[in-house]
Amino acid sequence: MTFYENTLKQIEKAAAIMKLAPQTKTLLSSPERILEFDLSIQMDKGEFRVFHGFRVQHNKTAGPYKGGIRYHPEVNMEEVKALATLMTLKNACVELPLGGGKGGIVVDPSKLSEGELERLTRAYTRALAPFIGPEIDVPAPDLNTDEKIMAWIVDEYAKVKGKQVLGVVTGKPLNRGGSLGRTEATAKGGFHVLQEYLGCCGTLSKGLKVVVQGFGNVGYHMAWFLDDAGYKLIASSDSKGGLYCGKGIHPTKALACKTEKGTLHECYVASVEYEAEEGEACKKISNEELLELPCDILVLAAYENQVTERNASNIKAKIILELANGPTTPEADEILEKRGITVIPDILANAGGVTVSYFELLQNLKNEKWTEEEVEKKLEPIMVNATRKVVEMSKKYGCSLRMAAFISALERLSELIVKKP
Ligand code: NAD
């Protein structure tokens, strides 16, 4: 079963539990618009190459389509359709006035020069230009795309339209209309969700042991927020492997070491510092071992399909927080549910990122600049309220938090669809 078929299956399952109006289910079961482009660009050596690009605009019931653009050699239409559908649900789950979309280009950006990457991005923007804009569809960064790429899109879009439109994408550099607080927004949102969940339904106490898979932007910031709040980070990893320190890892020191050595995996060498502080050396572990460590909370902040039917029976965490998109497969979900392990699902847990993207759009449209404090003050209640609603749905229907998050989103979409003429 493909990722997209799985996503539709989950909608079906949630729809059956909540007895969703058939009209809503039908409207959400296929994207409103699918765009595909062949983008021809000149490479540095003079030859021309054609790259394939997509944009899926899934549903705009709640507002303009919103979702990232990924550059990846394996990105494909099924994946983009699934991710666009999940964006519609994610935005509805946190009640943003946004619909869902996603895009991608089949390319390994590490094999392109900066000039080639820029020409490709500009070609994609020209192809997309008639179909995007602050009131239509607002792309953002995703895998292997960043603020520099967003700045190229803004620039190319301005050339096509003959005017500057900052709100055409989010995730821009600060000096090109970006928002303060965006970098750490996904982690901060996830932190609020976790705190709220533990406060209502778990055990919120100092010293809870946490493992964070993926020490990138989201994983590092999450580790920092957790450490700051008194949780104990005992292990983390990047694509090269993991680091385990039973007495605790200091996120800032670990980041400094990772920056110096190029990988967290090697930081056990620097554990002298931890040893001196904590009386225990750290050790290298594999990514497989990391996922199976005994801990209170396992934060998944790397990529999709990390907890699968192969390792779900060995997971020892009590709670899994999904900051990555789709890190747990549906088969693993069933195993975890039977084993009583709570999964706080991606469409709720990582929605802080798109929420601050929405704040960026608002600031662009109103020509405002919000402080970090203002962003944080607006983010927290959105995440807390969404978590409360998901927990309420989970109790009402006696279902998992993932199903409850789907139900919460579908309920909102259903209300909006019914109100439309
Ligand atoms: P990133 O590239 O900064 O970090 C990803 C990290 O995961 C890197 O440290 C990488 O080395 C590590 N990694 C890769 N494969 C791994 C593996 N097999 N085991 C352990 N670690 C591995 O990306 P990010 O922005 O931190 O995003 C992380 C995840 O969160 C992605 O799935 C992304 O789609 C999702 N997400 C991000 C945002 C955002 O705002 N950045 C928003 C929503 C969802």
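I will try to describe carefully the structure that is included in this document. What you see is a predicted model; the values in this text were computed from it and never measured.

Cut-off values and rules
Residues numbered from 1 in each chain as written. Predicted model: local features only at pLDDT ≥ 70, side-chain atom pairs only at ≥ 80, totals over all residues. Heavy atoms only, no water. Phe/Tyr/Trp six-rings, centres within 6.5 Å; stacked < 30°, edge-to-face > 60°. Lys NZ or Arg CZ within 6 Å of the ring centre and 35° of its normal. Helix = DSSP H or I, 4+ residues; strand = E, 2+ residues; numbered from the N terminus. Buried < 20%, exposed > 50% of the residue type's maximum accessible area, 1.4 Å probe, protein only. Polar contact = N/O pair within 3.5 Å; in protein donor to acceptor, adjacent residues only side chain to side chain. Contact = heavy atoms within 4.5 Å. Near = heavy atom within 4 Å. Areas by Shrake-Rupley, 256 points an atom, 1.4 Å probe, with all protein chains shown as cover. Nonpolar A, V, L, I, M, F, W, Y, C, P; charged D, E, K, R; others polar.

## Describing the packing of aromatic side chains
In this description, a pair of aromatic rings is defined by centroid distance and the angle of the planes. As enumerated under the stated definition, the model contains six aromatic pairs in all. Grouping aromatic residues by their ring pairs yields a cluster made of Phe191, Trp224 and Phe225. Sitting over the face of the ring of tryptophan 370, lysine 378 holds its NZ or CZ atom 4.5 Å from the ring centroid.

## Side note on the side chain of glutamate 322
Checked against the element boundaries, glutamate 322 lands in strand β11 (residues 319-322). The exposure class of glutamate 322 is buried, given its relative accessible area of 0%. There is a polar contact of 2.5 Å between the side chain of glutamate 322 and the side chain of threonine 328. Here aspartate 346 takes part through its backbone nitrogen, which lies 2.8 Å from a polar atom of the side chain of glutamate 322. Apart from residues lying up to four places away in sequence, glutamate 322 is in contact with Leu300, Pro327, Thr328, Val343, Ile344, Pro345, Asp346, Ala349, Asn350 and Arg402.

## Section: the site of the ligand
Lining the immediate environment of the ligand, one finds 20 residues, of which Thr186, Val218, Ser239, Asn287 and Ala302 sit closest. In this structure, asparagine 287 approaches the ligand through a side-chain N or O atom, which is 2.8 Å from a nitrogen atom. Residue alanine 302 places a main-chain N or O atom 2.7 Å away from an oxygen atom belonging to the ligand. Protein contact buries 78% of the 830 Å² of open area that the ligand shows by itself. At the level of elements, α7 (217-228) and β7 (232-238) are the ones that each hand at least two residues to the shell around the ligand. Of the residues belonging to the shell around the ligand, the class tally is seven nonpolar, eleven polar and two charged.

What is shown is where atoms sit, not what they do.
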